[in-house]
Structures are given as structure tokens and as C-alpha cells.
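The primary structure of each chain is shown beneath.
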Amino acid sequence: MHNTSKNILKTFTLILFSLSSITLWAQSTKVTGKLVDAKTKEPLAYANVSVFNENEELITGTVTPESGNFQIQVERGEYTLRIQFISYLTINRKINADQSSIDLGTIELSEDVNQLSEVEVVARRPQMEMKLDKRVFNVSEDLSNIGSNAESLLDNLPSVTVDIDGNVSLRGSGNVRILIDGRPSGLVGISGGSALRQIQADQIERVKVITNPSARYEAEGNAGIINIIMKKEKKGGVNGSISANLGYPIIGGVNSNINYRKGNVNLFGSYGITYRENFGGGFIDQEFFPEDTAYSTYVDRKRERSGLSQNARFGIDYSFNKSTTLTGSFLYRVSDENNLSYNYYDDYNGINRETRELIRRSVRIQNEKEDEEVIEYDLNFTKTFGGDDNHKLTADFQYRNNSETEDSDLRNERFVISSNQFVDSIQQRSYVNEFSENILMQANYVKPIGESRSFEAGWRSTLRTISNEYEVTQEVDGQEADSVLGDFTNDFIYNENIHAIYAIYNSEFDKFTYQIGLRTELTDITTQLKQPVDTVNARDYLNFFPSVFMTYEFTKLHTLQASYSRRFDRPRFRSLNPFSNFNDDRNIRIGNPNLNPEFTDSYEIGLVNNFSDATLYSGLYYRRTTGVTERINTVIDGITYTQPQNLAERNSIGIENNYSHDLNDWWRLNGNVNFYYSETYGVVNEKVFSAETFTASGRATSQMSFSNDFDVQLSAFYRAPQQTTQGTRKAFYMVDLGFSKEVLDKKGTLALNVRDLLNSRKWRTTTSGDDFFYNSEFQWRTTTVTLSFDYRINSNKRKGERNREGGDYEGGGDEF
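Residues numbered from 1 in each chain as written. Predicted model: local features only at pLDDT ≥ 70, side-chain atom pairs only at ≥ 80, totals over all residues. Heavy atoms only, no water.

A. Here's a closer look at the pairing of strand β37 (residues 710-719). Across 10 bridges, strand β36 (residues 687-706) lies against β37 in antiparallel orientation. Looking at the pairing, Q703 lines up with Q713 of β37. Between β36 and β37, which pair antiparallel one after the other, the connecting turn spans three residues, and D709 there sits at a positive phi close to 60°. (Pairing = 2+ DSSP bridges. Helix = DSSP H or I, 4+ residues; strand = E, 2+ residues; numbered from the N terminus.)

B. Structural detail: the sheet that holds strand β5 (residues 77-84). Spatially, the four strands line up as an open sheet ordered β3-β2-β5-β6, and their pairing is antiparallel. The open sheet terminates on both sides in strands that have one partner only, identified here as β3 (58-63) and β6 (91-97). Strand-to-strand twist across the sheet, computed as the mean angle between neighbouring axes with direction ignored, equals 20°. Of the pairings in the sheet, the one linking β5 to β6 comprises seven bridges and is antiparallel in character. Opposite Y79, over in β6, you have I95 as the bridge partner. (Axes fitted to C-alpha atoms, helices over the stretch in contact; angles between N-to-C directions.)

C. A look at the packing of aromatic side chains. The tally for this structure, following the rule as stated, stands at 26 aromatic pairs. Judged by centre distance (6.4 Å) and plane angle (90°), the ring pair of Y541 and F568 falls under edge-to-face. Of the two residues, Y541 sits in strand β27 (residues 535-555) while F568 sits in strand β28 (residues 558-569), which places them 27 residues apart along the sequence. Accessibility expressed as a relative area gives 17% for Y541, which makes it buried. On the accessibility criterion, F568 (0% relative accessible area) is buried. A connected cluster of aromatic rings, assembled from ring pairs, spans W666, W667, F706, F710 and F739. A cation over a ring is seen here: R82 above F52, with NZ or CZ 4.4 Å from the ring centre. (Phe/Tyr/Trp six-rings, centres within 6.5 Å; stacked < 30°, edge-to-face > 60°. Buried < 20%, exposed > 50% of the residue type's maximum accessible area, 1.4 Å probe, protein only. Lys NZ or Arg CZ within 6 Å of the ring centre and 35° of its normal.)

Structure below.
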């Protein structure tokens, strides 16, 4: 196994070395400029910039990003530059590419009055855009996300999966960093996964998936970064939207976004309120075979979850001048949930299903009330120099606090088979009081050096404190006060201070570009377990994280990319907390204060192919991870304990393909398939845990737009079985169906969405050890049907037109 990983590593090293040794002989010219609206001077995003030769043959092209800037590389010669944007006059400009670079400056586009009055405005972003260092998913265009939340939205993205506990995985790895608008956010909350269910999908504009981040980004998140971009209008005047959702099982909510821009001031805000109920459940079929005798248990699980959540966000942008902007914002989120769960246990005196006898039946009922409150303040300063958006200084400050309480009434009842009734009731109560305080400070500076090079540097510090008080009590006959169960009660404090600096150098030579970077992070973590015994565990470590990115443009439409980065994943708070859950007293999850970080070296090489009506990305990636953390199951006296442990290493190699194709003006197909092979090996308590697995996942979406403003979307997802160190994750599939219709003179959209049409979104696993075997199935929610109405204020929806000159590929960086 180790020889295999070494050979793979050598192969990747050879590929990267070969790329860096390419001899570049072609003489070319870089053409740059910026597109703005002639009246408002606002940048024009998603405009087509194309280059034609004297025979009117398309040579290359691009699509402007939100900054309106464009950059095109052409061979020496004479061309026609054509600029096209819906509802604007087309511009044709002759250029003579006889030097290394041509700067066309700011180009103003004027509205086509005739076209505005006679032609229907039809422009829509593609659902998926391939960029140099990431994939961008314009989720607001996806009908399957209507009426859903952020958790379901992420689970609908290629190569991204969300398990039954709300944990997000990317390309099979669960160590993913989730950000909101490029920063940690209170919208994600303390618990992460559960908080994602509180973010409504119609408040999200797009999602950026970065599988191999550079030194610019914080080093945490071995698998990569998922950046959720919230909606925020940039047009002048008053504009926004309001939407209402209604569905079954019971879903009801209203969400709104408003924006007012005038002169140097831009005010923005959003508010959402949602009530929903979810019904789920499953089973665990357990077999135990210790040395003395074998027995089995069948657990039937039922869940009823309901809750009301609200979130509000308000802010202001103030522009002192064209180059200096200060932004302040405030976020408030509150949620109240009620969760009811039933675990029905049937205990048998053997494991042979034909001969075993039922000897005991019991039920554990949990009635939990969960409240959470988040307050967040953000301040951002941005200054550009010399009118160049690429020469920029940014500074950020963020303060956030989260408070969360979980109050559960727990009751055990034993069923006497002979008398056919429940007896021996045990009443318990668990109470969690958790508080988190977070401070983020960072600054970044980017300086162009000449025409084709740049230098970037930055600093970042985060200070975090989490306190978790957990108490379990039990009623005792004859006593007024409940008895505290000391084995399950603790007071845990987590302190984390992280300081980082980074530097990046970019350079470009004709068709070849490269970026090298180094990030240094100092981590200081202290945990204190105050009960039952006061124990302090302090750890600090200094780490270096290099990154290398290279691209070679065969043409503007065909680009080869290669990258390397080193990242790591710190143990999370809940993984370190010794004990924080008593919902099921036969299946208990515990933390491990002695966990160490995981470190990953990630290599990736891929080819982006853009055609006149399609985009194809094919990539090969390899990840080597040491200190792998996995949850290991052990059985003691019939109780299953699940605890995270550091294993030795994991080697993964995979191939990913993303394809988007406009079959014609009304039918678009998107597809993704990911194949990967993984080896995991480690030793815990002198026992070997290993797994070799070859698995795959894929997603396909068909979207059809008809002439009567009626859209239909069908999407399907499949994930093949996967071997783990203690069992298997079985195959998983899901189908979604959506419809939408434009109404009210295209100011409104009426949509119907059916999520999990076949009711097949079920997590099925097997788990085995020396003395046990489990077969389980669980489903968080059944098929969901949602009807929604969206009304836009001074912001007509633009739909239908795709970029025919250059596919969906767009270069550029990120706004981090």
C-alpha cells in the first residue's frame, strides 16, 4: 500500500515538473479593459467579449466577472474586438496586436432603446461555471432548491454530500471549511450542520467550491472550502425581492431582500422567517457475540422535528470616493426547535432469526427543546490604488457570539411481554448550556508588479472561546431532588487562538502562468474539563503550508491546470468534548481530548475545455493524509461507544469530470461524475483498522425552458457503495423534480418543487467489530413538496440566453 502511494506521488511530481519546464515560444499580446454602464458607471458583469479575425472567424473570447474587467490573450496580428451584452448596443473595435499588451481602458456601453422596448430580455447565468481555482454554482437558477435550506442545497451540488448528522463532505472527505461571504459566520453557528438547516436557500445567490485552496485561504479544511455567497443587489435605486413558501410536510416561510443605492451610500438588508416540520426514522439491527453467549437487539427509531427560525441582516456601504469603501453589517439569527424521538428496543436471546426468542421490549422517549441565538457584527474596509482594482488593500473585523441551550426530558419504559404492558419507568433530564465568542481580524494587500506579475500578502488572527455545561439527572423514588449522574455530567471549556501570515507571488509568461505561496499558522488550543476532575490539556503548534498553481492556455478556451497545496484539519470542539449527548443510552457518542490534527498534501491536474455550447472539465487528483480521524465503535456491556481516533494515514486518488451542454436555446444538461480509490490504515489500542475502497458518485440535471416562460428541471444523484474501516456505506440515490412559471409581467415567479421524488434519500450502513455486527438505515425527512412565489421589486428576472462564445469558463480570483 505504501509503495502504491509513493508511485502515485512520484507520478504527480513528474507531471508538475514537466509542466514547469514547458518552453514557451509563441509571441502573443494581452488585451485588457473594463466594461461599465455609460449612465451609472457601474461595472457590467457577464458581458461577452470576443475576438474575430479578418475572415470573421471566432479566435477566442471571455465573459466579464462582476468587476467588469476582462483580459484576453491573442497571437500577434490584426483583429476585431466585439463586445455584446443584452439590451446594450454592440461595440466593434479594431485592434492591432503588435506589442506585448494593449490596455483599452474603461469602455462605456449604452443601452439599446429599441431593443429594450421590442425584445424580451433573456439572460441567465449557467448553473455551473468553471474558474481557474474553483467551481461556481449559481444555485438561484436551480429549481430543486426552491423552498429548501442550505443543508439540502449543498447536498444537491456535485461531489458534495451531507450525512444524516448534517456533516458536509467533499470528494468523500468530511474535512470541509464552510464560509459565508468569504468569512466564518454566525449563520453557520456553533454546531455547523444543524445551523445550515436554518439558512433558507432563496437567500443564497451562489456557492463557490474550492477543492485545492491556495495560501491565501486559511489552512483549515483538508478537503477544501465551500463559500456560500448571500444575495446582495448592486443596482442603483430601490430593488429587491420577497418570497413565500408553503409545503408538505408542513413548511411555511417568508423571505425578503431589499437594497437602496444612491450616490455614495448603499443600504442593504434581508429578513427571513420559516416554520417547518420533518418526520424521519429508521432502524438499527444489532448482533452481539461476546465469548460467553450471543444475543441481538432491533432498534426502531422515529423522529419528529419542528422549529421556527428567523434571521435578519442589515448593512451599509459608504464610498468616500471611487477607490475607498467602508462596509458595516449586523446579523441576528434565532431559532426555537422542538424535537421528539422514540427508540423502541426489542432484545432477543440469540442471533439466529429462526430460533431466537424475544425476551425484553423497551422504549426510550426524548422530548427536547433547543434554542439558539446568534449576534454578529462585521466591518470591512476596501481601498484601491490608481483606479486599478487589482491594486487593493482590504481589512476586516468581525465579532460574533452564539448561545445555545438544549433541554431534554428522557423517559425509559420497559414492556413486560407476559402482561402486555409498560412498567418500570425511569425519568431522566439532560441540559446543555453552550456559549461561543469569536473575534476575527485580518488584512490583505495585493500589488501588481509591471503588467504580468503581482505580489500579495496578508495577516489573520482569530480568537475563540466555547463553554459547554452538560448535566444529566435522574429521578429517585423518595427524594425531592433529582440525582446527578456524574459519569455523564461535565463542564468543558475550549480556547483557541490562531495567528497566520501569508505571501503569494503571481507571474505570467505568454500562455503560461504560475503562482507560488506560503502560509504560516500558529495555533494555541487549551481545553479544560472542570468536572468530574479538573483537567487541563494545552497544545500549540507552528505549521507551514505551501501552495503552487500553474496554468497553460493552449487557447483561451482550452486550459491546462495543475496545483499543489498542504492543508490541515484541527480537531473540532465537539470531537474534543468528552461527553455531550445522552439521547440514546445504548448508543453513546463521546469525544477525545487527545486528538491531533490531520495533515493533507493535495495534488490536482485538470483540463478545461470550452466549446461554443458546452464546457468540460476533467481532473485527476491525489490526496495523502496523515493523522486521519475516524469514529471507532466499541461495545462494552451491550452499550456501543463511538469515539474519534487518530489513525495513521489515508491515500486517495480520483478522477472528476464536470460537463455542461446547451443542446439548444431551451434545453441545458449538466453532469458530474467522480471516481476515486482510497486506502486507509491505522492502529488503535494495538488493533489494526484498514480499508480499501473504489467508489463513485454522479449527478445529472436536465433543465428545459419553454417559450411560454415555463421551466422544467429534473435532477438525479447516485453514490456507489463505499468501504470503511469498520463496515460499508451502502448505495444512495435521489431524484428531484421542479417546475416554474413567470407571472405578473415577469416580475414574479411561481414554482413547484418535489424533493426526493422516490422517497429514497436514506442512509444505509453496516458496522462490524470482533464481537458485533450492525445493519442500519436512517432517513431525516420524507419526500417534500414545496410551492413558492417570488416577487421582484425593480429587478426583472433575466433568463434564457447562454454564452455562445466561450462556454461557461471564466478566469479570475475570488473576493476573499
